[in-house]
Amino acid sequence: MNCDLSIVIPAYNEAESLGELMAWIERVMKTTEWSYEVLIIDDGSTDDTINVVTTLSEANNRIKCISFRRNYGKSAALNVGFEAAQGNVVITMDADLQDSPDEIPELMNMILNKGYDMVSGWKKVRHDPIGKTLPSKLFNHVVRRISGIQLHDFNCGLKAYRNAVVKSVEVYGEMHRYIPLLAKEAGFKHIGEKVVTHYERKFGVSKFGIERTIKGFLDLLSVSFMGKFGKRPMHLFGALGTLMFFIGFVAAFWLGAKKIWFVYHHINAPLVTSSPYFYLALICMVMGTQLFLAGFVAELVTRNAPDRNVYKISQRIGF
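Residues numbered from 1 in each chain as written. Predicted model: local features only at pLDDT ≥ 70, side-chain atom pairs only at ≥ 80, totals over all residues. Heavy atoms only, no water.

1. Focus on the overall build of the chain
At step 1: When its secondary structure is counted, the chain shows 10 helices and seven strands.
At step 2: Here the chain holds 319 residues, and 43% of them are scored as buried.
At step 3: Within the chain, contacts between residues separated by at least 24 positions form 80% of all contacts whose residues are at least 6 apart in sequence.
At step 4: Accessible surface for the chain amounts to roughly 18100 Å². Of this, 60% is attributable to carbon and sulfur atoms. (Helix = DSSP H or I, 4+ residues; strand = E, 2+ residues; numbered from the N terminus. Buried < 20%, exposed > 50% of the residue type's maximum accessible area, 1.4 Å probe, protein only. Contact = heavy atoms within 4.5 Å. Areas by Shrake-Rupley, 256 points an atom, 1.4 Å probe, with all protein chains shown as cover.)

2. Some thoughts on the side chain of Thr49
At step 1: On the secondary structure map, Thr49 appears in helix 2 (residues 49–59).
At step 2: You can call Thr49 buried: its relative accessible area is 0%.
At step 3: Engagement of the side chain of Thr49 in a polar contact is seen with the backbone nitrogen of Glu14, the distance being 3.1 Å.
At step 4: With residues near it in sequence (within four places) discarded, Thr49 still touches Asn13, Glu14, Ala15, Leu18 and Asp42. (Polar contact = N/O pair within 3.5 Å; in protein donor to acceptor, adjacent residues only side chain to side chain.)

3. Structural notes on helix 4 (residues 104–113)
At step 1: Where helix 4 is concerned, the buried positions are Ile104, Leu107, Met108, Met110 and Ile111. Along the long axis of helix 4, the arc covered by the buried residues comes to 160°, so they all point the same way.
At step 2: In this structure, the buried side of helix 4 is in contact with strand 1 (3–11), helix 1 (15–29), strand 4 (87–92), strand 5 (118–122), strand 6 (159–162) and strand 7 (191–195).
At step 3: Two residues or fewer after helix 4 comes Gly115, characterised by a positive phi angle close to 80°. (Arc of directions from axis to C-beta.)

As structure tokens, then:
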């Protein structure tokens, strides 16, 4: 049955914080008239998380849980939560009590009454060590420049979406950082931001290390490529291949023409193969051919994909 709000919470070894978080959410929701559900995605926890969630669900039938057999990561947890969410508005938050449920009413208001498709939280004041905040600032700056989406905190777990948004994006790997980009590529361009309160971690330790920054930049390249060339790979590989082949061909032609000119004028000239430019030209032509063929094969794969002509339609009029 549909409801007004779905709250999706990925949880990995958060047994200590879930009880307090659920009580906090319940206090906030009692001040509203919205119907709601809480979806806790147990991401293969090795502590007592599943038992805590079971107890909470028995006490409150609004609380539901999906449990993984092993740890798959936050993106997988969010993707499963998005598939299961039935609310007209979907809000995600972390389970570690660093995100405040008090932000829920205003996030709902921005989606329902201010026309936003998605609202991302901005932890303007962060209670994290500099080892997390400094790489995060650099990461967010780069993503803003590449994506054109003017958000300060792409990785904030506290976000709100229209239901249509979460049903239109697929989150996998480490792509949860780029949901705003995925939403934009799916045609949802009304993306807003709200300054949210960020609390110090009360229980446990952070599940993320410095390696997430490296993975984040690699995933950014993947998202950018798929958004621009996922349906037309030949436009990238073919263009690069043609350019490289042309450069190599011109260089080889110049070396050959130079050799012929020297011979014609009876001038001693070194062998063409003794010039390093000959090998550079040869490499350019070989790499250009390979890139062109890679684009051709990728285009064949894309053309035969079952979703090659699947488009996101917002509405139909007059049918």
